[in-house]
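Take a look at the letters that make up each chain.
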Amino acid sequence: MIVATDILARGIDIDDIRIVINYDVPGDCDDYIHRVGRTARANTKGRGITLVSVNDQPAFKRIEDFIGKTITVVIDRPIGSKHPEFESIYPINYGFIPGVLGGDGEELDVYLLGVSEPVKEYECRIIAIAHRHNDVEDKLVGAPVGAKFTKTEIEQAISFQEKYYDSFIETEESFFEC
């Protein structure tokens with residue numbers, strides 16, 4: 001048996017690993033593929049099992065419900081506005097999905113990328129989720145229908161707020177690839 005991190009998952013080549021048990025949910029699709037890929041060396045077969053805790057289930061449900069969908073976001077913190085409690089200025093539009101509650105009991109928040117003017121409401125496609133390990137809710141990331149953003153571009157755009165959290169980005173592409 002081997003107990004290892006994602007770093008080791010990318011750096012080892014051991015024969016005859018038949019099963020990988022993910023005791024936590026990997027941070028992104030690539031980590032999952034590399035972990036489970038330890039079982040399929042040299043045309044052998046193996047199995048990957050991921051343990052999903054009660055705490056992880058809401059995040060998985062939100063992905064299934066929103067990733068790739070077109071939704072209407074109400075913007076309560078438009079681009080250029082001041083945060084209600086702190087001194088920061090929003091470099092992007094930020095809002096919520098009316099009637100959909102997040103893990104904090106408030107309406108589920110959405111970062112809106114690709115819209116350079118303040119808006120009150122916007123129909124967008126959900127392209128990613130910012131999963132927060134040290135908060136009670138995740139944040140959705142929306143963009144105009146048809147707009148494309150890389151994972152790096154998303155991370156840079158929302159870092160003004162996500163830098164305060166232990167979070168990772170799950171993109172629409174990586175969700176469907178897994």
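Predicted model, so just to flag it, every value in this text is computed and none were measured.

Regarding the confidence of the model for the protein chain
Per-chain confidence: the protein chain averages 78 in pLDDT, with 66% of residues scoring 70 or above. The secondary-structure element of the protein chain with the lowest mean pLDDT is helix 2 (residues 29–36), recorded at 54, while strand 3 (residues 70–77) shows the highest, at 95.

Considerations on the packing of aromatic side chains
Considering all chains together, one arrives at 4 aromatic pairs under this definition. Ring plane angle 35° and centroid distance 5.5 Å describe the contact between Tyr-90 and Tyr-94, whose orientation is recorded as tilted. Each ring, one from Tyr-111 and one from Phe-160, has its centre 6.0 Å from the other, and the planes form 80°; the classification is edge-to-face. Here Tyr-111 is found in strand 5 (residues 107–112), whereas its partner Phe-160 is found in helix 4 (residues 151–162), with 49 residues between them in sequence. You'll find Tyr-111 and Phe-160 in the same group, each marked buried. Taken together, the aromatic side chains of Tyr-90, Tyr-94, Tyr-111 and Phe-160 make up a single cluster linked through ring pairs.

Things to note about a nonpolar patch on the surface
On the surface, Ile-19, Ile-21 and Leu-51 cluster together into a nonpolar patch covering about 280 Å² of accessible area. Within the secondary structure, Ile-19 is located in strand 1 (residues 19–22). A relative accessible area of 45% means that Ile-19 is categorised as partly exposed.

Focus: the pattern of salt bridges
All chains considered together, the criterion is met by 5 salt bridges. Here Lys-82 makes a salt bridge to Glu-87, at a shortest N to O gap of 3.7 Å. On the basis of relative accessibility, which here comes to 66%, the residue Glu-87 falls in the exposed class. With a shortest N-O distance of 2.8 Å, Arg-132 and Asp-135 are connected by a salt bridge. A relative accessible area of 6% means that Arg-132 is categorised as buried. Through salt bridges with shared partners, one network takes in Asp-109, Glu-137 and Lys-139.

Quick notes on the pairing of strand 8 (residues 167–171)
Burial within strand 8 is extensive, with 4 of its 5 residues counted as buried. Sheet topology note: the strand 6 (residues 121–132)/strand 8 ladder contains 5 bridges and is antiparallel. Paired with Ala-128 across the two strands is Thr-171, which belongs to strand 8.

Some remarks on the side chain of Glu-137
Relative to the helices and strands, Glu-137 resides in the loop between strand 6 and strand 7 (139–143). Among the polar contacts listed, one links the side chain of Glu-137 to the side chain of Lys-139, at a separation of 2.8 Å.

With respect to the environment of Ile-67
Within the secondary structure layout, Ile-67 lies in the loop between helix 3 (57–66) and strand 3. Judged by its relative accessible area of 4%, Ile-67 falls in the buried class. Along the sequence, Ile-67 and Leu-140 sit 73 residues apart, while their C-alpha atoms lie 8.4 Å from each other.

Conventions and cut-offs
Residues numbered from 1 in each chain as written. Predicted model: local features only at pLDDT ≥ 70, side-chain atom pairs only at ≥ 80, totals over all residues. Heavy atoms only, no water. pLDDT = per-residue confidence, 0-100. Helix = DSSP H or I, 4+ residues; strand = E, 2+ residues; numbered from the N terminus. Phe/Tyr/Trp six-rings, centres within 6.5 Å; stacked < 30°, edge-to-face > 60°. Buried < 20%, exposed > 50% of the residue type's maximum accessible area, 1.4 Å probe, protein only. Patch = residues over 30% accessible without salt bridge, like charges linked within 9 Å, V, L, I, M, F, W, Y side chains within 5 Å. Areas by Shrake-Rupley, 256 points an atom, 1.4 Å probe, with all protein chains shown as cover. Salt bridge = Lys/Arg side-chain N within 4 Å of Asp/Glu carboxyl O. Pairing = 2+ DSSP bridges. Polar contact = N/O pair within 3.5 Å; in protein donor to acceptor, adjacent residues only side chain to side chain.

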